[in-house]
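Summary of structural features
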Amino acid sequence: MKRLGSKWLLLPFSLVYGVVMDIRNWLFNSHLLRSYWPSIHTICVGNLTVGGTGKTPMIEFLIKRYALSKEVTPGVTATLSRGYGRQTTGFRIATDTDTASTIGDEPLQLYRKFAPLVRVCVGERRAGAIQVLVSHHPETKQVLLDDAYQHRAVQPHLTILLMDYNRPFYDDYPFPAGRLRERRKGARRADVIVVTKCPTDLFTTEQQRISEKIRPYCKPETPIFFAGLQYGQPVSFESRQAVTNLQKVVLVSGLANADLLEYYVDQAYTLVKHHRFADHYAYSRDELDSILTGLPPATALLTTEKDWVKLDGLLSPGERTTLPLYYLPVAMQFLPGHEQGFNQFLDRSSLKNR
(Lines give C-alpha, C1' and ligand atoms only; values in the text may rest on other atoms or scores of the structure.)
Protein backbone atom coordinates (compact mmCIF):
# COMPACT_ATOMS: atom_id res chain seq x y z
CA MET A 1 0.00 0.00 0.00
CA LYS A 2 2.83 2.37 0.88
CA ARG A 3 4.51 1.75 -2.49
CA LEU A 4 1.20 2.26 -4.31
CA GLY A 5 0.61 5.53 -2.45
CA SER A 6 4.06 6.87 -3.32
CA LYS A 7 3.46 5.94 -6.95
CA TRP A 8 0.31 8.06 -7.10
CA LEU A 9 2.13 10.94 -5.44
CA LEU A 10 4.82 10.76 -8.13
CA LEU A 11 2.39 10.67 -11.08
CA PRO A 12 2.33 14.49 -11.52
CA PHE A 13 6.11 14.43 -11.90
CA SER A 14 5.77 11.59 -14.40
CA LEU A 15 3.33 13.73 -16.37
CA VAL A 16 5.85 16.57 -16.53
CA TYR A 17 8.63 14.19 -17.55
CA GLY A 18 6.41 12.62 -20.21
CA VAL A 19 5.52 16.04 -21.66
CA VAL A 20 9.21 17.01 -21.80
CA MET A 21 9.99 13.82 -23.71
CA ASP A 22 6.99 14.44 -25.99
CA ILE A 23 8.36 17.89 -26.85
CA ARG A 24 11.81 16.45 -27.49
CA ASN A 25 10.39 13.77 -29.80
CA TRP A 26 8.24 16.36 -31.60
CA LEU A 27 11.32 18.49 -32.24
CA PHE A 28 13.07 15.53 -33.88
CA ASN A 29 9.96 14.43 -35.79
CA SER A 30 9.52 17.99 -37.10
CA HIS A 31 13.22 18.17 -38.08
CA LEU A 32 13.73 21.17 -35.81
CA LEU A 33 16.39 19.03 -34.15
CA ARG A 34 18.58 17.30 -36.71
CA SER A 35 19.02 13.57 -37.04
CA TYR A 36 21.94 11.98 -38.85
CA TRP A 37 21.05 9.37 -41.47
CA PRO A 38 24.08 7.06 -41.77
CA SER A 39 25.29 5.99 -45.19
CA ILE A 40 25.71 2.40 -43.95
CA HIS A 41 22.93 0.08 -42.80
CA THR A 42 22.15 0.82 -39.16
CA ILE A 43 20.00 -1.25 -36.79
CA CYS A 44 18.90 0.17 -33.45
CA VAL A 45 18.05 -2.13 -30.53
CA GLY A 46 16.42 -0.52 -27.52
CA ASN A 47 13.51 -0.32 -25.13
CA LEU A 48 11.08 2.10 -23.49
CA THR A 49 11.96 1.10 -19.94
CA VAL A 50 14.85 1.58 -17.56
CA GLY A 51 16.61 -1.72 -16.94
CA GLY A 52 17.32 -4.92 -18.79
CA THR A 53 15.04 -6.25 -21.51
CA GLY A 54 17.56 -8.53 -23.19
CA LYS A 55 19.29 -6.00 -25.45
CA THR A 56 22.68 -7.74 -25.37
CA PRO A 57 21.23 -11.18 -26.24
CA MET A 58 19.43 -9.51 -29.16
CA ILE A 59 22.65 -7.83 -30.31
CA GLU A 60 24.35 -11.22 -30.13
CA PHE A 61 21.53 -12.80 -32.14
CA LEU A 62 22.03 -10.16 -34.84
CA ILE A 63 25.81 -10.63 -34.79
CA LYS A 64 25.42 -14.39 -35.29
CA ARG A 65 23.00 -13.75 -38.13
CA TYR A 66 24.95 -11.05 -39.97
CA ALA A 67 28.61 -11.49 -39.08
CA LEU A 68 29.43 -15.14 -38.39
CA SER A 69 28.76 -16.54 -41.84
CA LYS A 70 31.82 -17.85 -43.69
CA GLU A 71 30.86 -15.67 -46.64
CA VAL A 72 31.04 -12.47 -44.58
CA THR A 73 34.29 -10.51 -44.45
CA PRO A 74 35.49 -9.90 -40.86
CA GLY A 75 35.01 -6.33 -39.69
CA VAL A 76 32.15 -5.30 -41.98
CA THR A 77 29.76 -5.37 -38.99
CA ALA A 78 30.32 -3.16 -35.96
CA THR A 79 28.51 -2.67 -32.67
CA LEU A 80 28.20 0.76 -31.09
CA SER A 81 27.00 1.63 -27.60
CA ARG A 82 27.56 4.38 -25.09
CA GLY A 83 29.72 2.05 -23.00
CA TYR A 84 27.74 2.44 -19.79
CA GLY A 85 29.88 2.43 -16.64
CA ARG A 86 33.21 3.09 -18.36
CA GLN A 87 35.64 5.63 -16.96
CA THR A 88 36.65 7.01 -20.34
CA THR A 89 34.91 9.40 -22.72
CA GLY A 90 34.71 9.83 -26.45
CA PHE A 91 34.87 7.35 -29.29
CA ARG A 92 36.87 4.14 -28.84
CA ILE A 93 37.31 0.96 -30.83
CA ALA A 94 37.90 -2.01 -28.52
CA THR A 95 41.31 -3.69 -28.48
CA ASP A 96 42.93 -6.47 -26.48
CA THR A 97 44.14 -3.93 -23.92
CA ASP A 98 40.66 -2.69 -23.03
CA THR A 99 38.85 -3.49 -19.80
CA ALA A 100 35.36 -2.92 -18.48
CA SER A 101 36.52 0.40 -17.06
CA THR A 102 37.66 1.65 -20.50
CA ILE A 103 34.77 0.46 -22.69
CA GLY A 104 32.06 -0.90 -20.34
CA ASP A 105 31.14 -4.45 -19.36
CA GLU A 106 28.74 -5.37 -22.19
CA PRO A 107 31.02 -4.07 -25.02
CA LEU A 108 33.90 -5.99 -23.45
CA GLN A 109 31.72 -9.09 -23.35
CA LEU A 110 30.95 -8.69 -27.06
CA TYR A 111 34.61 -8.05 -27.89
CA ARG A 112 35.82 -11.17 -26.08
CA LYS A 113 33.15 -13.25 -27.75
CA PHE A 114 33.15 -12.01 -31.34
CA ALA A 115 36.34 -10.08 -32.17
CA PRO A 116 37.87 -9.86 -34.76
CA LEU A 117 34.80 -10.88 -36.76
CA VAL A 118 32.97 -7.87 -35.34
CA ARG A 119 34.37 -4.44 -34.52
CA VAL A 120 33.17 -3.30 -31.08
CA CYS A 121 32.93 0.46 -30.53
CA VAL A 122 31.75 2.86 -27.84
CA GLY A 123 30.87 6.54 -28.01
CA GLU A 124 28.38 8.82 -26.28
CA ARG A 125 27.62 10.76 -29.47
CA ARG A 126 26.55 8.02 -31.84
CA ALA A 127 26.26 10.22 -34.94
CA GLY A 128 29.85 11.41 -34.66
CA ALA A 129 31.04 7.95 -33.67
CA ILE A 130 29.57 6.37 -36.80
CA GLN A 131 31.24 8.97 -39.00
CA VAL A 132 34.62 8.44 -37.35
CA LEU A 133 34.22 4.67 -37.59
CA VAL A 134 33.46 4.81 -41.32
CA SER A 135 36.33 7.21 -41.99
CA HIS A 136 38.80 4.90 -40.20
CA HIS A 137 37.27 1.68 -41.51
CA PRO A 138 35.49 2.31 -44.83
CA GLU A 139 34.91 -1.44 -45.21
CA THR A 140 32.20 -1.21 -42.53
CA LYS A 141 28.81 -2.11 -44.02
CA GLN A 142 26.58 -2.30 -40.96
CA VAL A 143 26.34 -0.91 -37.43
CA LEU A 144 24.31 -2.41 -34.59
CA LEU A 145 23.31 0.33 -32.14
CA ASP A 146 22.89 -1.02 -28.62
CA ASP A 147 20.45 0.80 -26.32
CA ALA A 148 19.83 3.72 -28.68
CA TYR A 149 16.03 3.90 -28.89
CA GLN A 150 15.94 7.34 -27.26
CA HIS A 151 19.09 8.50 -29.07
CA ARG A 152 17.21 10.46 -31.73
CA ALA A 153 20.33 12.16 -33.11
CA VAL A 154 20.78 9.08 -35.33
CA GLN A 155 18.03 7.92 -37.67
CA PRO A 156 18.53 4.15 -38.05
CA HIS A 157 17.39 2.15 -41.05
CA LEU A 158 15.69 -0.37 -38.75
CA THR A 159 14.48 -0.01 -35.16
CA ILE A 160 13.91 -3.05 -32.92
CA LEU A 161 11.97 -2.36 -29.72
CA LEU A 162 12.23 -4.90 -26.91
CA MET A 163 9.64 -5.36 -24.15
CA ASP A 164 10.17 -7.52 -21.07
CA TYR A 165 7.29 -10.00 -20.74
CA ASN A 166 7.47 -9.56 -16.96
CA ARG A 167 7.38 -5.73 -17.12
CA PRO A 168 5.16 -4.68 -20.04
CA PHE A 169 5.39 -1.02 -20.98
CA TYR A 170 1.61 -0.81 -21.48
CA ASP A 171 1.13 -1.19 -17.70
CA ASP A 172 3.90 1.23 -16.79
CA TYR A 173 4.37 4.99 -16.34
CA PRO A 174 7.19 7.41 -17.14
CA PHE A 175 9.87 8.07 -14.55
CA PRO A 176 9.70 8.64 -11.56
CA ALA A 177 6.34 6.93 -10.86
CA GLY A 178 7.30 4.13 -13.24
CA ARG A 179 10.21 2.82 -15.28
CA LEU A 180 9.45 4.32 -18.71
CA ARG A 181 12.05 6.53 -20.37
CA GLU A 182 9.27 8.11 -22.41
CA ARG A 183 5.55 7.64 -22.83
CA ARG A 184 4.04 4.44 -24.18
CA LYS A 185 3.30 6.01 -27.57
CA GLY A 186 7.05 6.08 -28.18
CA ALA A 187 6.52 2.52 -29.41
CA ARG A 188 5.26 4.03 -32.71
CA ARG A 189 8.87 4.57 -33.78
CA ALA A 190 9.51 0.82 -33.73
CA ASP A 191 9.69 -1.12 -36.98
CA VAL A 192 9.35 -4.39 -35.07
CA ILE A 193 8.63 -5.30 -31.44
CA VAL A 194 10.03 -8.36 -29.68
CA VAL A 195 8.56 -9.43 -26.34
CA THR A 196 11.51 -10.92 -24.46
CA LYS A 197 12.05 -13.15 -21.41
CA CYS A 198 8.88 -15.11 -22.17
CA PRO A 199 8.22 -18.56 -20.72
CA THR A 200 8.99 -21.21 -23.32
CA ASP A 201 5.46 -22.62 -22.95
CA LEU A 202 3.63 -19.30 -23.41
CA PHE A 203 0.23 -20.13 -24.90
CA THR A 204 -0.74 -18.66 -28.28
CA THR A 205 -3.83 -17.13 -26.67
CA GLU A 206 -1.61 -15.28 -24.18
CA GLN A 207 0.64 -14.08 -27.01
CA GLN A 208 -2.44 -12.71 -28.76
CA ARG A 209 -3.63 -10.99 -25.57
CA ILE A 210 -0.25 -9.29 -25.10
CA SER A 211 -0.14 -8.26 -28.76
CA GLU A 212 -3.59 -6.67 -28.41
CA LYS A 213 -2.32 -4.71 -25.39
CA ILE A 214 0.66 -3.44 -27.40
CA ARG A 215 -1.27 -2.56 -30.58
CA PRO A 216 -2.75 0.78 -29.40
CA TYR A 217 0.77 2.19 -28.97
CA CYS A 218 2.52 1.05 -32.17
CA LYS A 219 1.92 1.40 -35.89
CA PRO A 220 -0.75 -0.97 -37.25
CA GLU A 221 1.71 -2.73 -39.53
CA THR A 222 4.39 -3.30 -36.87
CA PRO A 223 5.04 -7.05 -36.44
CA ILE A 224 5.28 -8.46 -32.91
CA PHE A 225 7.38 -11.51 -32.04
CA PHE A 226 7.95 -13.45 -28.82
CA ALA A 227 11.22 -14.79 -27.42
CA GLY A 228 12.71 -16.17 -24.23
CA LEU A 229 16.22 -16.64 -22.88
CA GLN A 230 18.21 -19.85 -23.24
CA TYR A 231 20.98 -20.46 -20.73
CA GLY A 232 23.95 -22.52 -21.86
CA GLN A 233 26.33 -24.78 -19.98
CA PRO A 234 28.58 -23.02 -17.44
CA VAL A 235 31.95 -21.98 -18.83
CA SER A 236 35.21 -22.10 -16.88
CA PHE A 237 37.03 -18.80 -16.28
CA GLU A 238 40.32 -20.62 -16.80
CA SER A 239 39.75 -22.83 -19.83
CA ARG A 240 36.87 -20.95 -21.51
CA GLN A 241 35.34 -24.43 -22.00
CA ALA A 242 31.84 -25.55 -21.02
CA VAL A 243 31.46 -27.96 -18.10
CA THR A 244 28.63 -30.27 -17.09
CA ASN A 245 29.56 -31.28 -13.55
CA LEU A 246 28.48 -28.29 -11.45
CA GLN A 247 26.19 -29.04 -8.54
CA LYS A 248 26.39 -26.55 -5.66
CA VAL A 249 26.85 -22.91 -6.67
CA VAL A 250 27.00 -19.43 -5.20
CA LEU A 251 25.54 -17.00 -7.71
CA VAL A 252 26.96 -13.49 -8.25
CA SER A 253 25.06 -11.07 -10.47
CA GLY A 254 24.98 -7.37 -11.29
CA LEU A 255 21.77 -7.08 -13.30
CA ALA A 256 18.80 -4.73 -13.46
CA ASN A 257 16.55 -7.68 -12.68
CA ALA A 258 18.11 -11.00 -11.63
CA ASP A 259 14.87 -12.81 -10.75
CA LEU A 260 14.75 -14.90 -13.94
CA LEU A 261 18.42 -15.83 -13.61
CA GLU A 262 18.01 -16.82 -9.97
CA TYR A 263 14.98 -18.95 -10.78
CA TYR A 264 16.86 -20.79 -13.53
CA VAL A 265 19.97 -21.41 -11.41
CA ASP A 266 17.84 -22.59 -8.49
CA GLN A 267 16.14 -25.12 -10.77
CA ALA A 268 19.29 -26.32 -12.54
CA TYR A 269 21.72 -26.43 -9.60
CA THR A 270 21.80 -26.37 -5.81
CA LEU A 271 21.79 -22.62 -5.17
CA VAL A 272 23.55 -21.96 -1.87
CA LYS A 273 23.45 -18.15 -1.98
CA HIS A 274 22.88 -15.30 -4.40
CA HIS A 275 24.99 -12.14 -4.09
CA ARG A 276 22.94 -9.46 -5.86
CA PHE A 277 24.56 -6.23 -7.00
CA ALA A 278 23.31 -3.24 -8.97
CA ASP A 279 23.26 -3.29 -12.76
CA HIS A 280 26.72 -2.72 -14.30
CA TYR A 281 28.25 -2.93 -10.83
CA ALA A 282 32.00 -2.23 -10.62
CA TYR A 283 33.36 -4.90 -8.28
CA SER A 284 36.32 -4.29 -6.00
CA ARG A 285 38.99 -6.79 -5.05
CA ASP A 286 37.85 -6.60 -1.41
CA GLU A 287 34.31 -7.55 -2.42
CA LEU A 288 35.57 -10.47 -4.48
CA ASP A 289 37.76 -11.62 -1.57
CA SER A 290 34.75 -11.50 0.74
CA ILE A 291 32.69 -13.62 -1.68
CA LEU A 292 35.49 -16.14 -2.20
CA THR A 293 36.19 -16.40 1.53
CA GLY A 294 32.55 -17.24 2.16
CA LEU A 295 32.47 -19.88 -0.57
CA PRO A 296 31.51 -23.22 1.09
CA PRO A 297 33.53 -26.39 0.33
CA ALA A 298 32.69 -28.17 -2.93
CA THR A 299 30.81 -25.09 -4.14
CA ALA A 300 31.50 -23.15 -7.33
CA LEU A 301 31.08 -19.44 -7.98
CA LEU A 302 28.72 -18.89 -10.89
CA THR A 303 28.14 -15.52 -12.53
CA THR A 304 26.86 -13.90 -15.73
CA GLU A 305 28.94 -13.17 -18.83
CA LYS A 306 28.98 -9.43 -18.28
CA ASP A 307 29.98 -9.91 -14.63
CA TRP A 308 32.64 -12.40 -15.69
CA VAL A 309 34.56 -9.80 -17.71
CA LYS A 310 34.78 -7.59 -14.59
CA LEU A 311 35.52 -10.29 -12.00
CA ASP A 312 38.08 -11.95 -14.28
CA GLY A 313 40.08 -8.71 -14.39
CA LEU A 314 40.53 -8.85 -10.61
CA LEU A 315 42.15 -12.30 -10.62
CA SER A 316 45.76 -13.40 -10.79
CA PRO A 317 46.67 -16.16 -13.28
CA GLY A 318 47.08 -18.60 -10.41
CA GLU A 319 43.66 -17.84 -8.97
CA ARG A 320 42.04 -18.18 -12.36
CA THR A 321 43.57 -21.66 -12.68
CA THR A 322 42.79 -23.01 -9.21
CA LEU A 323 39.51 -21.41 -8.11
CA PRO A 324 36.12 -22.91 -9.11
CA LEU A 325 34.89 -19.95 -11.16
CA TYR A 326 32.31 -20.17 -13.95
CA TYR A 327 30.04 -17.94 -16.00
CA LEU A 328 26.67 -18.75 -17.54
CA PRO A 329 26.13 -17.85 -21.21
CA VAL A 330 22.66 -16.73 -22.26
CA ALA A 331 21.14 -16.37 -25.70
CA MET A 332 17.93 -15.13 -27.29
CA GLN A 333 15.57 -18.02 -28.06
CA PHE A 334 12.48 -17.24 -30.07
CA LEU A 335 9.30 -19.12 -29.29
CA PRO A 336 8.22 -21.77 -31.83
CA GLY A 337 7.36 -20.20 -35.18
CA HIS A 338 8.68 -16.74 -34.31
CA GLU A 339 12.36 -16.97 -35.31
CA GLN A 340 11.52 -17.72 -38.92
CA GLY A 341 9.10 -14.80 -39.08
CA PHE A 342 11.63 -12.46 -37.46
CA ASN A 343 14.37 -13.49 -39.88
CA GLN A 344 12.04 -13.02 -42.85
CA PHE A 345 11.23 -9.54 -41.55
CA LEU A 346 14.95 -8.74 -41.30
CA ASP A 347 15.49 -9.97 -44.87
CA ARG A 348 12.68 -7.77 -46.20
CA SER A 349 13.97 -4.77 -44.29
CA SER A 350 17.50 -5.24 -45.63
CA LEU A 351 16.24 -5.39 -49.22
CA LYS A 352 14.06 -2.32 -48.71
CA ASN A 353 16.95 -0.25 -47.36
CA ARG A 354 19.50 -1.12 -50.03
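Residues numbered from 1 in each chain as written. Predicted model: local features only at pLDDT ≥ 70, side-chain atom pairs only at ≥ 80, totals over all residues. Heavy atoms only, no water.

Where we set the bar: UniProt positions are given in the numbering used here, feature names are shortened, and annotations may be inferred rather than shown by experiment.
In the nomenclature of an unreviewed UniProt entry, the chain corresponds to Tetraacyldisaccharide 4'-kinase from the organism Spirosoma pollinicola. A UniProt comment under Pathway (unreviewed entry) is attached to the chain, and it reads "Glycolipid biosynthesis; lipid IV(A) biosynthesis; lipid IV(A) from (3R)-3-hydroxytetradecanoyl-[acyl-carrier-protein] and UDP-N-acetyl-alpha-D-glucosamine: step 6/6."

**A few points about the pairing of strand β2 (residues 77-81)**
Rules: Only protein chains enter the accessibility calculation, which uses a 1.4 Å probe. A residue is then buried if its area is under 20% of the maximum for its type, exposed if over 50%, and partly exposed in between. Counting from the N terminus, the helices are DSSP H or I runs at least four residues long and the strands are E runs at least two residues long. Note on pairing: DSSP must find at least two bridges between two strands before they are called paired.
Here β2 lies mainly inside the structure; five of its five residues are buried. Alternating residues of β2 divide into Thr 77, Thr 79 and Ser 81 and Ala 78 and Leu 80, and every residue in both groups is buried. In this structure, β2 lies alongside strand β4 (residues 118-122), joined through five bridges in parallel fashion. From the neighbouring strand, Ala 78 faces β4, where its bridge partner is Arg 119. Looking at chain direction, β2 and strand β5 (residues 142-146) are connected through four bridges and run parallel. In the strand pairing of β5, Ala 78 is matched with Val 143.

**A few points about the packing of aromatic side chains**
The geometry of an aromatic ring pair is captured by two quantities: the separation of the ring centres and the angle between the planes. Note the threshold: Pairing of aromatic rings covers Phe, Tyr and Trp, the last counted by its six-membered ring, and requires centre-to-centre distances within 6.5 Å; plane angles under 30 degrees mean stacked, over 60 mean edge-to-face, and any other angle means tilted.
A full pass over the atoms with the stated rule returns 13 aromatic pairs. Ring geometry for Phe 169 and Tyr 217: centres 6.1 Å apart, planes at 75°, overall edge-to-face. Here the residue Phe 169 occupies a position in the loop between β6 (158-164) and β7 (192-196), and Tyr 217 occupies one in the loop between α6 (204-214) and β8 (224-231), the gap between them amounting to 48 residues. Classification of Phe 169 by relative accessible area gives buried; the value is 1%. For Tyr 217, a relative accessible area of 21% corresponds to the partly exposed category. Ring plane angle 75° and centroid distance 5.8 Å describe the contact between Phe 225 and Phe 342, whose orientation is recorded as edge-to-face. With a gap of 117 residues between them, Phe 225 in strand β8 and Phe 342 in helix α11 (residues 338-352) connect regions that are remote in the sequence. Take Phe 225: its relative accessible area is 10%, and that puts it in the buried class.

**Some thoughts on the packing of helix α2 (residues 55-66) against helix α4 (residues 105-114)**
Rules: All axes are obtained by fitting lines to C-alpha atoms, using only the stretch in contact for helices, and the reported angles, taken between N-to-C directions, cover 0 to 180 degrees. Note on angle classes: values under 35 degrees are labelled roughly parallel, values over 145 roughly antiparallel, values of 65 to 115 roughly perpendicular, and the remainder oblique. A clockwise turn of the near helix away from the far one marks a right-handed crossing, whereas an anticlockwise turn of less than a right angle marks a left-handed crossing. Contacts are residue-level and defined by heavy atoms, with any inter-residue pair within 4.5 Å sufficient. For this classification, Asp, Glu, Lys and Arg are treated as charged, while Ala, Val, Leu, Ile, Met, Phe, Trp, Tyr, Cys and Pro are nonpolar and the rest, including Gly, are polar.
Where α2 meets α4, the axes come as close as 11 Å, and the angle between the chain directions of the two elements is 30°. Viewed along their axes, α2 and α4 adopt a mutual orientation that is roughly parallel. The two elements α2 and α4 meet at a crossing, and its hand is right-handed. Contacts from Thr 56, Ile 59, Glu 60, Ile 63 and Lys 64 in α2 reach Glu 106, Gln 109, Leu 110, Lys 113 and Phe 114 in α4. Here the residues of the contact of α2 with α4 are counted per class, giving four nonpolar, two polar and four charged.

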